[in-house]
Amino acid sequence: LFNATLAVVITVLVAGVILGGLQRVAYVTSRLVPTMAITYLLMTLAVLANHLPELPGLFLAIFTEAFAPQSVAGGLMGVIIIGVSRGVFSNEAGIGTEVMAHGAAKTDEPIREGLVGMMGPIIDTLLICTCTALVILASGIWQEVDGVKGVELTMQVFGQELGLLGQILLAIQILFLAASTMFTYWYYGEKCFVFLLGESQRSYYKWFYLAMIVMGCLVTLDIVFNFMIGMYGLMAIPTMLSAFILAPKVKQAANTYFAKLAQNA
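Residues numbered from 1 in each chain as written. Predicted model: local features only at pLDDT ≥ 70, side-chain atom pairs only at ≥ 80, totals over all residues. Heavy atoms only, no water.

On to the pattern of salt bridges, then. This model, assessed by the stated rule, comprises five salt bridges. Glu 190 is paired through a salt bridge with Arg 202; the nearest N and O atoms lie 2.8 Å apart. In this pair, Glu 190 sits in helix α8 (residues 150–197) while Arg 202 sits in helix α9 (residues 202–218), placing the two residues twelve residues apart along the sequence. Assessed through its relative accessible area of 4%, Glu 190 is described here as buried. Judged by relative accessible area, Arg 202 falls into the partly exposed class, the value being 26%. (Salt bridge = Lys/Arg side-chain N within 4 Å of Asp/Glu carboxyl O. Helix = DSSP H or I, 4+ residues; strand = E, 2+ residues; numbered from the N terminus. Buried < 20%, exposed > 50% of the residue type's maximum accessible area, 1.4 Å probe, protein only.)

Structure follows, in structure tokens:
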């Protein structure tokens, strides 16, 4: 009953945004995402402020453990595969979704828009994910719990460091992240759907997308997660191939753009 109620609430929420079209999606996400990122960084700084003397050692431990002999012997390729798959979840680089959002931007300089897009992995993965890693390592909880991982572990960390307020704020961040993801992925899916089946079929995709949200709420998390990993892998194949094919043209356009900047400097 809880899952069914949750499915209805989430579906109504998403429908209220995506039925308003791209402008409403852009309006909502442009406010959710910065708020989420800034709040999370402030929460992280509040935790790390209590562990400042430990930070150099934590950074050193991250690098030394990553390249330690036992890490290589324990299956370096497996670690790389897991790291890449989690990285894709955080920044979507290489799977061909974010390009549709940047392609819709009003700009006369595609190279400049590409440079803006390259900031995504830096902020999402290098900055936000590093903050999460530092908070978990600094708390020491990762050495005490067994079998707890992912958001559950992060929730315990912020609960220990910032109390109930930290857990409430983190729950809000997760809600914002989930909502913005559902809003934007409708747009990505609709663009591909219309390209394949034609403009006349556009309206059908909204209802299909909403039906998938309901289904996602009713099945187990493992099913959803494994399905997403499989689909992301399939999306990466044509995206990476096209990236290699188009690389010479991108390089030529980039050279022209930077030459123009140098002349105007």
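There's more to say after this.
Here we take up the environment of Leu 45. Mapped onto the elements of the fold, Leu 45 is located in helix α2 (residues 21–48). When its relative accessible area of 55% is taken as the criterion, Leu 45 is described as exposed. Between the alpha carbons of Leu 45 and Val 135 there is a distance of 8.9 Å; along the sequence they are 90 residues apart.

Together, Phe 227, Met 228, Met 231, Leu 234, Ile 237 and Leu 241 make up an exposed nonpolar region whose accessible area comes to about 580 Å². As for its position among the elements, Leu 241 is in helix α10 (residues 221–264). (Patch = residues over 30% accessible without salt bridge, like charges linked within 9 Å, V, L, I, M, F, W, Y side chains within 5 Å. Areas by Shrake-Rupley, 256 points an atom, 1.4 Å probe, with all protein chains shown as cover.)

Take α10 next. Helix length check: α10, at 44 residues, gives a terminal C-alpha distance of 53 Å against a target of 64 Å (1.5 Å per residue), a shortfall beyond 12%. The sharpest bend along α10 reaches about 50° and sits at Leu 246, with the proline Pro 248 one to four residues further on. Taken together, the buried positions of α10 are Tyr 232, Ala 254 and Tyr 257. (Expected span 1.5 Å × (residues − 1). Bend = angle between axes of the 7 residues up to and from the residue.)

Closest axis-to-axis distance for the helix α1 (residues 2–18)/α8 pair is 10 Å, and the angle between their directions is 55°. Taken as axis vectors, α1 and α8 run oblique relative to one another. Seen along the crossing, α1 lies across α8 with a hand that is right-handed. Between α1 and α8, the contacting residues are Ile 10, Leu 13, Val 14, Val 17 and Ile 18 on the first element and Met 182, Phe 183 and Trp 186 on the second. In terms of residue class, the contact of α1 with α8 is built from eight nonpolar, no polar and no charged. (Axes fitted to C-alpha atoms, helices over the stretch in contact; angles between N-to-C directions. Parallel < 35°, antiparallel > 145°, perpendicular 65-115°, else oblique. Left-handed = near helix turned anticlockwise from the far one by under 90°. Contact = heavy atoms within 4.5 Å. Nonpolar A, V, L, I, M, F, W, Y, C, P; charged D, E, K, R; others polar.)

Moving on, we get to the side chain of Glu 190. A polar contact of 2.8 Å, which involves the side chain of Glu 190, links it to the side chain of Arg 202. The contacts of Glu 190, once residues within four sequence positions are left out, are Arg 202, Tyr 205 and Lys 206. (Polar contact = N/O pair within 3.5 Å; in protein donor to acceptor, adjacent residues only side chain to side chain.)

This brings us to the nonpolar core. Among the nonpolar cores identified, the biggest contains 24 residues, and Val 14, Phe 183, Trp 186 and Tyr 209 are the most heavily contacted of them. Listed by contribution, the elements that provide at least two residues to this core are α1, α2, α8 and α9. Counting 17 residues, the second-largest nonpolar core is a separate cluster that includes Leu 55, Leu 58, Leu 153 and Phe 158. (Core = buried A, V, L, I, M, F, W, Y, C linked by side-chain atoms within 4.5 Å.)

Below, the discussion takes up α2. When the terminal C-alpha atoms of α2 are compared, their 40 Å separation across 28 residues agrees well with the 40 Å that a helix rising 1.5 Å per residue should span. By the burial criterion, the buried members of α2 are Gly 21, Val 25, Val 28, Thr 29, Leu 32, Met 36, Tyr 40, Met 43, Thr 44, Val 47 and Leu 48.

Turning our attention to the environment of His 51. Structurally, His 51 can be placed in the loop between α2 and α3 (55–66). It is 8.4 Å that separates the C-alpha atoms of His 51 and Ser 139, two residues lying 88 residues apart in sequence.

Here we take up the side chain of Thr 29. In this fold, Thr 29 is placed in helix α2. Setting aside anything within four residues of it in sequence, one finds Thr 29 in contact with Pro 34, Ser 180, Phe 183 and Thr 184.

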